[in-house]
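Structure assessment
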Amino acid sequence: MPEKFCFLFLIISILVSLPESNSQQSPSYLGLLSNATEFPPEDYYDYIIVGGGTAGCPVAATLSEGFRVLVLERGGVPVGDSNLMSGDGFLAALMEVDAFESPAQAFTSEEGVPNARGRVLGGSSTINAGFYSRADLGFYERSGMKWDLTLVNQSYEWVEKAIVFRPELKSWQSTVRDAFLEAGIAPYRGFTLDHLVGTKIGGSTFDSYGNRHSAADLLSYANPANINVVVGASVERIVVVVNSDSRKATGVVFRDRNGGHHRAMVKDKGEIIVSAGAIGSPQLLLLSGIGARPYLSSMGIPVAHHSPYVGHFMYDNPRNGISIVPPVQMDHSLIQVVGITTSGAYLEAASNIVPFLSPANPVFIRPASPYVTVATLMEKIAGPLSAGSLTLASTDVRENPNVRFNYFSNRTDLESCINGTRRIGEVLRSGAMDGFKFQEWFGGREFRYVGRRLPRDEWNEEEMGEFCRRTVSTIWHYHGGCVVGKVVDADLKVIGVHGLRVVDGSTLTVSPGTNPQATLLMMGRYFGVKMLRERRIG
């Protein structure tokens, strides 16, 4: 089982307790919500969106402009939860988890790497670090989708005017910016939402008061007369009508938190859009009988449509790096600055204030505060090329499936990690980082590391490769499982099943740019507009 480098998992007993941020006004989308227990036994809609997450909320808001829309979200509402609504609560929200109710649902890959998925309105955009940066231009060529770049830009702008802000850099982020430039990650791009080689400040979904804005806030664009957002609704299966020569998705069956079952059906020419994320979407297709026939039969699931690649081509961008304790306590900061290299790696940083944990009678360390700052430098590889798979652990949709990502099984990914960790070494040797070293007793200055440090010989390929393998963790950018060209077509329609699409990160074979959040938000708006246009032409 690999060692975990991760500012979340380094100190597994952390329970963060920090001041709450300024209060927010109640969002307008609260008026659109209802509880699954209040839903009738059966009802009909033009569009049913499974998952009120990063892509599901914008696609639902868009479709409501002209049609009656139902959003089914398995989780609850983030409003009132200070851990979710404040950047200071980021760690606590990811750590305070349970099996069926917590906003973050923890899971561990078969390699032993801890991970998390959103289980709350807004999805992973409600539990992530808030960084916002558009996709690299190469993504549109490699994605397998047909893109109208004018509409792409309009869709980004639709998102950005509602929930994206320019961050104010704090001490660690400012230092990292200067260190990246010293290390040759140039030129300096300043603040930009575009993916550009060099060092840049990206956007944030946290405002100047530290309040989070998520995909759920995009529901403010919705036509309130045409949308019903139901929380606490776990969709157990998609209803697929099978004829001799065709298959059509006609509705879904979902369960409320009291155990009651309900059916939501689509009207003529309607569609079901699955936006349950890269874990939930392939899982739901399999539970609905859409997958490889032999596998479904072995699980006792009636086969609705043989689609052999559902759950295959699962990717997770590995994250590696180092953490240090600086000589003085710093502000909490999530990702704001990114270094975009040409060698297959992106560099980012974060700093977190955590309780000081020490032996009962510390001799050499006597902190002035009961809290200590852990500052992290990390690299994420582009791509990746290494692929894994997802299988069902049970037929209960509330339980996590089994996932294997096969980190670094492709040699190119390992080489990218080695390049990225070498860059971290260059950053550590920059003058900008000198102030984060401690004075040693016998002369000299050195960093105080939390966990592993980089190998001393950074040009030893074997040692650097071993560092990458042993310190692998996630940056929560997993994707795939319903990929374009295998499970869905270029319009994200499920191949072989009428009236069914998948609109989320499960359709991607490559992570877009440094962070996928912006692209997934854009995709929701983009495909919503495309679907409206299709209906009007039809």
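Everything discussed here concerns the structure shown above.
What comes next concerns the included structure. (Residues numbered from 1 in each chain as written. Predicted model: local features only at pLDDT ≥ 70, side-chain atom pairs only at ≥ 80, totals over all residues. Heavy atoms only, no water.)

As enumerated under the stated definition, the model contains 21 salt bridges in all. For arginine 525, the salt bridge goes to glutamate 65, with nearest N and O atoms at 2.9 Å. Separated by 460 residues along the polypeptide, arginine 525 in helix α11 (residues 517-537) and glutamate 65 in the loop between α1 (56-63) and β3 (69-73) bring together distant segments of the chain. For arginine 525, a relative accessible area of 15% gives the class buried. Note that glutamate 160 and arginine 134 form a salt bridge whose closest N and O atoms lie 3.0 Å from each other. Of the two residues, glutamate 160 is situated in helix α5 (residues 149-163) and arginine 134 in the loop between β6 (131-132) and α4 (137-142); the sequence distance between them amounts to 26 residues. On the basis of relative accessible area, glutamate 160 is assigned to the buried category, the value being 12%. Taken together, the shared-partner salt bridges connect Arg411, Glu415, Arg422 and Glu461 into one network. (Salt bridge = Lys/Arg side-chain N within 4 Å of Asp/Glu carboxyl O. Helix = DSSP H or I, 4+ residues; strand = E, 2+ residues; numbered from the N terminus. Buried < 20%, exposed > 50% of the residue type's maximum accessible area, 1.4 Å probe, protein only.)

Here the focus is the pairing of strand β19 (residues 345-355). For β19, a buried count of 10 out of 11 residues is recorded, marking the element as mostly surrounded by other parts of the structure. Bridge count between strand β18 (residues 337-340) and β19: three bridges; the pairing is antiparallel. Paired with glycine 339 across the bridge in β19 is leucine 347. Two successive antiparallel strands, β18 and β19, enclose a turn made up of four residues, where glycine 344 displays a positive phi of approximately 85°. (Pairing = 2+ DSSP bridges.)

Before going further, it helps to spend a moment on the state of the cysteines. Evaluated as defined, the whole model comprises one disulfide. Between the sulfur of cysteine 417 and that of cysteine 468 lies a disulfide, 2.1 Å long from S to S. Disulfide cysteine 417 to cysteine 468: torsion about the S-S bond roughly -100°, handedness left-handed. Placement of cysteine 417 in helix α9 (residues 411-428) and of cysteine 468 in helix α10 (residues 461-470) is noted, with a sequence separation of 51 residues between them. Like cysteine 417, the residue cysteine 468 is buried in the burial classification. This cysteine, cysteine 57, is not joined by any disulfide, and cysteine 482 carries the nearest cysteine sulfur, 19 Å off. A relative accessible area of 0% means that cysteine 482 is categorised as buried. (Disulfide = S-S within 2.5 Å.)

That bond from alanine 186 to proline 187 is cis: its omega, 5°, falls within 30 degrees of zero. Assignment of secondary structure puts proline 187 in the loop between α6 (171-182) and β7 (188-191). For tryptophan 476, which is not a glycine, the phi torsion comes out positive at approximately 65°. Secondary-structure assignment places tryptophan 476 in the loop between β26 (473-474) and β27 (479-480). Taking the relative accessible area as the measure of exposure, tryptophan 476 reaches 22% and is therefore partly exposed.

The next thing to look at is the packing of aromatic side chains. Under the criterion given, the structure shown has 17 aromatic pairs. Geometrically, the ring pair formed by phenylalanine 139 and tryptophan 147 is tilted, given 6.1 Å between the ring centres and 50° between the ring planes. Like tryptophan 147, phenylalanine 139 is buried. Centroid distance phenylalanine 447 to tyrosine 449: 6.1 Å. Interplanar angle 70°. Geometry classified as edge-to-face. Joined through ring pairs, the aromatic side chains of Phe139, Tyr140, Trp147, Tyr526 and Phe527 make up one cluster. Its end group placed over the ring of tryptophan 476, arginine 319 keeps NZ or CZ at 5.2 Å from the ring centre. The ring of tyrosine 309 carries lysine 486 above its face, with NZ or CZ at 4.7 Å from the centroid. (Phe/Tyr/Trp six-rings, centres within 6.5 Å; stacked < 30°, edge-to-face > 60°. Lys NZ or Arg CZ within 6 Å of the ring centre and 35° of its normal.)

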